[in-house]
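Here's the letter readout for the chains.
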Amino acid sequence: MPSIMSQAASNTTPWATEQEQILGDLAVRADQGLTVQEAQARLELFGPNVLTDFRATSWLTILWRQLRSFIMFLLVAGAALSFALGDHLEGVAIVTVIVLNAMIGFVTELRAVRSTEALRELGSTETTVRRSGGIRRLPAEELVPGDIVLFEGGDVITADVRILTASRLEIDESMLTGESVPIEKKVDVLLTDTAVADRNNMLFKGTSVAKGSAEGVVVSTGMDTELGRITALVQTASDRRTPLEERIDALGRVMGWLCIGLVTIVGILGAIGGKDTAEIMKTAIALAVATVPEGLPIVATLALARGVLRMARRNALVEQLSAVETLGSTRVILTDKTGTLTENRMSVTDLVVADNDMQPTRVAIPESMEVTEIGEGVRALLTAAAVCSDAAISSDETGQEMRVGDPMEVALLVVLDRIGVDREQALAEHPRLSEEAFDPDTKMMATFHRYRDETRIIVKGAPEAVFAASRFVRSPRGTTAFDARQSELWRAENLRLATKGLRMLAVAERVAKSPSEPYRHLTLLGLIALSDPPRADVVDAIERCRAAGVDVVMVTGDQGPTAEHIAASVKIMDDADRGSAVNGGELRSLLDGGEAGKEKLLSTRVFARTDPKQKLQLLSFYQAQGEVVAMIGDGVNDAPALRRSDIGVAMGKRGTQVAREAADMILQDDRFSTIVVAIQQGRIIFRNIRSFVFYLLSCNLSEIITVGLAAALNAPLPILPMQILFLNLVTDVFPALALGVGDSGRGIMRDPPRPKTERLLTGRHWAGLVGYGLVMSAAVLAGLGIALLVFEMEVKRAVTVSFLILAGAQLGHVFNMASPSSGLLCNEVTRNPWIWGAIILCVGLLIASVYVPLLSEVLGTEEPGKEGWLLVLTLSLAPTFVGQGMRAAREIAGRLGRPR
C-alpha cells in the first residue's frame, strides 16, 4: 500500500495524465471502487478529508463579543474614574458588574454556539461513493485518494477529483477562481502547465455542480487539495454583528452621550449654585451610573442565544442571526411541494401503457402482486425507467439496506424488484455508454446504452416534454404514429391521474446508429404515476400561517393539476379555485400586465412548471410589493433565490449542499411545519428583546429623572451611586433576564407580522418610557419628601426608603411589559415562571441590603422602620397600578368600540 500510494502521490499533474494511468497508480477500478478495507487503510495513512484551519468558534472570540459594546466601554471608563477619585469601593463594584456581565453572557453564548455547531456537524456534507461495487453515501471527511465519486447538480465537490465521465457538466468555481460564470467541464487530457482556472478535466474541493453529472476519482484530499493550499497561505475570519446587536449598541451610545451631557449640566449648575465639589461629584457619578444600562448587553446576548438554541431544538438551524429578527416580519412563504408539503416517500401506484387497440390503459400497482400479473408492456416500461436512473439500493457491511438517489428513482427500483426484474442483468444486457443529465430547461434526462451494433437512448421526464419529443407509441401490436389523436388521448390520461395529486413521469426510447441528439423522434413507452402523500401536520401549519397573516404560496416544477390537488388537500387553495394555477410560461406576461397582472399574481396560490429563473422573478415581484418573503428551496438552482430572499430556507435532509450554504436557516427535518415554528419563535424572540430593552431603559430613565430632579430642587440625593449600581444589577437584570428567556407564544401567531422597517422602539415606546419613568420618579421623590418632612427621618433613613421604593417600583413595573392584546391577569408575563423566580430572588436581596450588615454598610442603608416600610409598600405599587389601570382602560374602550 505505501509503495502504491507514493507512486500515486508522485503524480502531481493528474489533469495531464490519462485516466487509465491515474486509476492504475491509485490501484482502483472505476466500476468497483475501493474495498472497505482499502479505504480504511488509506484513511489511516492520509487522515480525514478536512482543512486544518477549520475550528469551532474559539472561547476567546465569544468572550470578546461580551466586552466589545459601547456600554461596556462606558462601564470601564466609570470604574477608572471611581478609582482615580479614590472611591475604590465603587470602582470594585463596577468592575464586578463588568465581570459578571461578561461571564454570564460568555457561558450562555458558548452553550448556544456549541449546540449549534454540534447540529451543523450532524448535517455535514455527504458524498456519493462507489465502494466494493456498490453505491453509498459517506461523510466527506471519510473520502480518500482512489475513491470513485459521483456528483450531480447541487452537490458540493468535497475533494480534488479527476473527471472520468461527464454529462452536460458545469461547475461553479467562483469561490476558488473568482469566475462568476459556471465552467463547462470535459474529460480530455490537458497540458502539464495548464493553469488551475483552465483545468477543465478536474473538480476542486469547495466548488459546486451547477449543472449536469459526473463520475471521477479522488486524487487529493484535505490540505493537499487546491483549496487546502490556499488555506495554508491565508486564514480569514469574519465576525459580523447582527442588526439587533448594532441597534442595542446604538442605544448604548445614545445613553452614553446622554450621560455625558447630564453630568456636564449638573456640574455647571452645581458650580454656579456654589455647591460643594464633593456633592457635585457624588451627583455626577450617580447620574453616570444611572444612565448606563449595565444589564443590556448580557440580557441581549442571553435572549438571542437562548432563542437560537430553542429554535435549533425544534429542528430550525439558524445560519445567520439576522434571520431571527426577520422571521417575525415574514408575510409570504414561497414553498416547494415535494418533501416539504409532502412526505417525499414515493411509491408507484399506476402505470399507463398502450393496449392492443392503441389506447392508453391504466394498470394499477397494488401493495402486493405476483409476477404473472405483469404484462410485457409494463415490464418494458419499468425496466427502461429503472435503467435510465442513477439511484441504487444496496446493503452495507451489517446487511442494512441503503437507498441512494432521488426518491422517485428509488421508487422505480423498488417496484422493479417486486416484479422480479434484475436491474443489474438489464444493465449488463444494455451497458450504459453515457448520460445526458436532467436539464430544468428541457425537463428530461437520457441515458445511452449499447444495443447490438447500435445505441439505445432511454429518455424520461415531464410528460408534456416527452410527448412533444415523441413520434411513435409502442403497444403489444408494435408501434404506431404518435399523431394528434394519440397525443390527445395520452394527455387526457396524464391529466386524469395528475388531478388525483399523482406525480407523473413519461418514458420513451429510440434506437440510433450512433449517439446523437436524444430528445427527438422518440417512441413513447408509457406513463408512471407516483404517490407522495401530504404530511399529516401541514394542514394545521397552513392554518396557523393564515391566522398569523402569513400567505403560503406553492411554487413547484410539477404540472398544474398535480400541484393543485396537493395544494387543495393541505388548504393552500380551496377546491373551488382549482384551475387557477399559473404556469411558469405565463409569468412574464402577467408581470408585464399592469394592475390586472399584479392582482392575478397576488391572488394566485399555486405556480406550476416554474424554472429557477421564474422563481427568482416571482420572488422579486413579491419583494417589490413590500413583502418580506421566505423562500424554501432544496436544489442548486434554488440558490440564487435563497440568497435574494429575505429568509432563505433550505432542507437539511434532501437539500443540496449549495442550497444549504446559500440559506439563512436550515430545516433539519425538512418539514414545512418547522418553518411555522421558526416564525413563531422569531416573533417571541423579538417580543422578548423589545420587552427587556423597554424595561431596562425605563428603569434607567426613572433613575436619571429621580437624580436630576433632586439636583434641580436642591434636595438630598434620593439614591446613592452604589445603590443605583445595586438596582441595575438586581431589580433590572434578573427581571429583564426573565423577560428575555420567556417562551410563551400563546396568541402571538394571531397577530399580523410587524413591518420590516419597524424600529426596536417606536415613538409609542419612547412615550411609554418617559411616562413610566416619570411615574416611578414621582413615587420616589414623594416618598423621600414624606420621610423627611412628615416622618422627620434622618437623611440616611429617608434615602433608604426612597431606594427601596424605587426598587419595588421597578420590580412591579415588569408586569407592565405584557403585550397590549394579552389578558389583564393572564398573559405572557404572569405565565412566565422565571418572572416570579426573579421577583422572589430580588425581594430577598433587597431585604438583605437592609439587614445584612456588610451589604448595608456598602450600600449606605439602615432599617427604615414601620413608617418607612409602609411608605415602601404603598408607593412602590404606583407604577404597577398606573400601568394595569391603563391596560384595563384600553380593554374596556376596545370592548365598547366593537360592533355588537
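Residues numbered from 1 in each chain as written. Predicted model: local features only at pLDDT ≥ 70, side-chain atom pairs only at ≥ 80, totals over all residues. Heavy atoms only, no water.

A.B. asks: What exactly am I supposed to notice about the side chain of lysine 615 here?
C.D. replies: By secondary structure assignment, the location of lysine 615 is in helix α22 (residues 612-624). Note on lysine 615: relative accessible area 9%, which makes it buried. Beyond its immediate stretch of four places on either side in the chain, lysine 615 contacts Val555, Thr610, Met631 and Asp638. (Helix = DSSP H or I, 4+ residues; strand = E, 2+ residues; numbered from the N terminus. Buried < 20%, exposed > 50% of the residue type's maximum accessible area, 1.4 Å probe, protein only. Contact = heavy atoms within 4.5 Å.)

A.B. asks: What's the story with the pairing of strand β10 (residues 347-354) in this structure? I'm lost.
C.D. replies: Within β10, seven of the eight residues are buried, leaving the element largely enclosed by the surrounding structure. The pairing of β10 with strand β20 (residues 522-531) spans five bridges and is classified as antiparallel. Paired with leucine 351 across the strands is isoleucine 528, a residue of β20. Pairing of β10 with strand β11 (residues 360-364), which is carried by five bridges, proceeds in the antiparallel orientation. In the strand pairing of β11, valine 352 is matched with arginine 362. Counting the residues that bridge the hairpin from β10 to β11 gives five residues, and of these methionine 358 lies at a positive phi of roughly 65°. (Pairing = 2+ DSSP bridges.)

A.B. asks: In this structure, what is going on with unusual backbone geometry? I would like to understand it.
C.D. replies: Trans is the common state for peptide bonds, and a negative phi is the common state for residues other than glycine. Phi angles above zero are rare outside glycine, and arginine 452 is one such case at about 55°. Looking at where arginine 452 falls in the secondary structure, it is placed in the loop between β15 (444-451) and β16 (454-461). Phi is positive for histidine 521, close to 55°, though the residue is something other than glycine. Tracing the backbone through its elements, the reader meets histidine 521 in the loop between β19 (503-512) and β20.

A.B. asks: What is the right way to look at the packing of aromatic side chains in this model?
C.D. replies: For any pair of aromatic rings, the description consists of the separation of the ring centres together with the inter-plane angle of the planes. Taken as a whole and judged by the stated rule, the model has six aromatic pairs. Ring geometry for phenylalanine 694 and tyrosine 772: centres 6.2 Å apart, planes at 90°, overall edge-to-face. Here the residue phenylalanine 694 occupies a position in helix α25 (residues 672-712), and tyrosine 772 occupies one in helix α27 (residues 763-790), the gap between them amounting to 78 residues. Above the face of the tryptophan 15 ring, arginine 199 is positioned so that its terminal group lies 3.5 Å from the ring centre. One Lys or Arg, arginine 754, reaches over the ring of phenylalanine 686 and ends 3.5 Å from the middle of that ring. (Phe/Tyr/Trp six-rings, centres within 6.5 Å; stacked < 30°, edge-to-face > 60°. Lys NZ or Arg CZ within 6 Å of the ring centre and 35° of its normal.)

A.B. asks: Would you explain the side chain of threonine 562 in this entry?
C.D. replies: Secondary-structure assignment places threonine 562 in helix α19 (residues 560-569). Once you skip the residues sitting within four places of it in the chain, threonine 562 turns out to touch Lys337, Ala498, Gly501, Leu502 and Arg503.

A.B. asks: Just to check I follow, could you spell out the environment of arginine 491 for this structure?
C.D. replies: Examined against the element boundaries, arginine 491 turns out to sit in helix α17 (residues 484-498). In sequence terms arginine 491 and proline 463 are 28 residues apart; their C-alpha atoms lie 8.1 Å from each other. Each residue touching arginine 491, except ones within four places of it in the same chain, is listed here: Glu464, Phe467 and Ala468. Engagement of the side chain of arginine 491 in a polar contact is seen with the side chain of serine 487, the distance being 2.9 Å. (Polar contact = N/O pair within 3.5 Å; in protein donor to acceptor, adjacent residues only side chain to side chain.)

A.B. asks: What exactly am I supposed to notice about the sheet that holds strand β23 (residues 606-608) here?
C.D. replies: Sheet strands pair by backbone hydrogen bonding; their relative direction is either parallel or antiparallel. With mixed pairing, eight strands are arranged side by side in an open sheet as β8-β26-β25-β24-β9-β21-β23-β22. Each end of this open sheet is capped by a strand with a single partner; those strands are β8 (316-318) and β22 (582-583). Direction of pairing for strand β25 (residues 647-651) relative to strand β26 (residues 665-667): parallel, over a ladder of three bridges. The partner of alanine 650 across the bridge, within β26, is isoleucine 666. Helix-sheet contacts for α22 involve β9 (332-335), β21 (551-555), β23 and β24 (629-633), and the interaxial angle to β24 is about 165°. (Axes fitted to C-alpha atoms, helices over the stretch in contact; angles between N-to-C directions.)

A.B. asks: Honestly, helix α29 (residues 833-851) in this entry has me stumped. Any pointers?
C.D. replies: Note that an α-helix has 3.6 residues per turn; residues three or four places apart therefore point the same way. Spanning 19 residues, α29 covers 27 Å between terminal C-alpha atoms, matching the ideal 27 Å at 1.5 Å per step. Regarding α29, the residues found buried are Ile835, Ala838, Ile839, Cys842, Leu846, Ala848, Ser849 and Val850. At the N-terminal boundary of α29, the capping side chain belongs to asparagine 832, with an oxygen 2.9 Å from the backbone nitrogen of tryptophan 834. (Expected span 1.5 Å × (residues − 1).)

A.B. asks: Is there a simple way to explain the nonpolar core in this structure?
C.D. replies: Within soluble globular proteins, side chains that are nonpolar tend to cluster in buried spots. Counting 119 residues, the largest nonpolar core has Met311, Ile333, Met665, Phe672, Ile675 and Phe692 as the members making the most contacts within it. Looking at this core element by element, the count peaks at 20 residues for α25. Not counting chain neighbours up to four residues away, the residues in contact with phenylalanine 672 comprise Ile333, Thr335, Thr340, Leu341, Ala541, Ile542, Cys545, Val552 and Ile632. Counting 32 residues, the second largest nonpolar core, distinct from the first, contains Leu381, Ala411, Ile419 and Ile458. (Core = buried A, V, L, I, M, F, W, Y, C linked by side-chain atoms within 4.5 Å.)

A.B. asks: I tried to follow the pattern of salt bridges on my own but got confused; where do I start?
C.D. replies: When the charged atoms of two side chains with opposite charge come close together, those side chains can pair. Counted under the stated rule, the structure contains 26 salt bridges. One salt bridge connects glutamate 436 with arginine 168, and the closest N-O pair in it is separated by 2.5 Å. Here the residue glutamate 436 occupies a position in strand β14 (residues 432-439), and arginine 168 occupies one in strand β4 (residues 160-172), the gap between them amounting to 268 residues. Residue glutamate 543 pairs with arginine 546 through a salt bridge whose shortest N-O separation is 3.4 Å. Of this pair, glutamate 543 and arginine 546 both sit in helix α18 (residues 538-547), three residues apart, roughly one helical turn. You can call glutamate 543 partly exposed: its relative accessible area is 37%. A single salt-bridge network, built from bridges that share partners, covers Arg168, Glu436 and Asp439. (Salt bridge = Lys/Arg side-chain N within 4 Å of Asp/Glu carboxyl O.)

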